[in-house]
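Descriptive analysis of the structure
Now for the letters of each chain:
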Amino acid sequence: VTKIAVLLSGNGSNLQAFLDSTLRDNIALVISNKADAFGLQRAIDANIEHCFIDPKVFENREQFDAAIAEKLNKADIDLVILAGYMRILSDEFVAEFEGRMINIHPSLLPKYPGLNTHQRAIDAGDDTHGCSVHFVTPELDAGPVILQAKVPVFEGDDADELRARIQVQEHLIYPMVAQWFCQNRLSMQDGQAYLDGNVLPDAGYA
Ligand code: GAR
């Protein structure tokens, strides 16, 4: 069975989507870089091994990431799921887990990498926004997209309303993509994502 670790920093609604999916028994470890992340409580409630690793006790990003990597390797993790994990990853960490680490980002990448994606879409007057699941590569939010979901932006939407509309979609597509990985259908080669041996287009599977 494919062992999954979820890295998070906050609410953990995406972790909850995994716990409520058929992948429940694949979730072997939850790691947070925030002591008060509600995602840790979700792990406790679901009886999943979990830990808080405090970035402040490490000298630099590389050492912190090395501690995370050690936890992941000790637990024999096959797939790393970034679910609202709000830290930049060191190149070493990305390289170690390349091809077996995925992220969900709240925009239709390559649009709006980085933060405040919902407000930026509203400010730009976009009529469509969404989320993207992608393989993680060294450049922030720039790895090959696997799957996207789109939602409409309604007039008068604020960022919270848009976030909520998109999170419904996140909770659908993220476990779906992880399921493909667990079925050995999904891979990354030469910076491109493949599903069932077919290279995926820039915007992912459609
Ligand atoms: C999710 O909406 C995810 O798209 C976003 O953080 C949220 C975490 O929610 N990720 C990023 O912004 C990554 N840069 P959750 O803790 O309830 O799963």
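As the structure is a computational prediction, the values presented were derived from the model and not from experiment. (Residues numbered from 1 in each chain as written. Predicted model: local features only at pLDDT ≥ 70, side-chain atom pairs only at ≥ 80, totals over all residues. Heavy atoms only, no water.)

**Some thoughts on the UniProt feature "binding site: N(1)-(5-phospho-beta-D-ribosyl)glycinamide" (unreviewed entry) in the chain**
To keep things clear, this is the line we draw: UniProt positions are given in the numbering used here, feature names are shortened, and annotations may be inferred rather than shown by experiment. Every definition here rests on a 1 Å grid over the protein atoms only: cavities are sets of points where a 1.4 Å probe fits but cannot get out, pockets are open sets enclosed by protein on both sides within 12 Å along at least five of seven lines, and lining residues have some atom within 4 Å of a point. Strands here are runs of E lasting at least two residues and helices are runs of H or I lasting at least four, both read from the DSSP assignment and numbered beginning at the N terminus. Think of it in three bands: with a 1.4 Å probe and only protein chains considered, a residue is buried below 20% of the maximum accessible area for its type, exposed above 50%, and partly exposed in between. Contacts were defined at the residue level, with two residues in contact if any of their heavy atoms lie within 4.5 Å.
Listed under "binding site: N(1)-(5-phospho-beta-D-ribosyl)glycinamide" (unreviewed entry) in the UniProt record, and renumbered for this structure, are G12, S13 and N14. Set against the largest pocket, the annotated residues that line it come down to G12, S13 and N14. Take G12: it is sitting in the loop between β1 (4-8) and α1 (13-19). Since its relative accessible area comes to 9%, G12 is described here as buried. Relative to the assigned elements, N14 resides in helix α1. Residues contacting N14, with those up to four places away along its chain left out, are A83, I104, E170, H171 and Y174.

**Looking at the layout of surface pockets**
For clarity, the threshold we go by: Grid points are joined across faces, edges and corners, and a volume is the space filled by probe spheres set on the points. Three classes are used: nonpolar for Ala, Val, Leu, Ile, Met, Phe, Trp, Tyr, Cys and Pro, charged for Asp, Glu, Lys and Arg, and polar for all others, with Gly counted as polar.
Considered as a void within the structure, the largest pocket measures approximately 930 Å³ in volume. Lining of the largest pocket is provided by 36 residues; of these, G84, Y85, M86, I104 and P106 occupy positions nearest its centre. Breaking the lining of the largest pocket down by element, the ones donating at least two residues are α1, β5 (101-105), α5 (117-123) and α6 (159-182). In terms of residues, the lining of the largest pocket owes the most to one element, α6, which gives four residues. Within the lining of the largest pocket, the residues separate by chemical class into 15 nonpolar, 16 polar and five charged.

**Section: unusual backbone geometry**
Excluding glycine, a negative phi dihedral is what most residues carry, and trans is how most peptide bonds are arranged. A cis amide bond links L109 with the next residue in sequence, P110, at an omega value of 15°. Its place among the elements puts P110 in the loop between β5 and α5. Residue Y112 is not a glycine yet carries a positive backbone phi of 55°. Residue position: Y112 is located in the loop between β5 and α5. Positive phi outside glycine occurs at N116, with the angle close to 55°. As for its position among the elements, N116 is in the loop between β5 and α5. For N116, a relative accessible area of 60% gives the class exposed.

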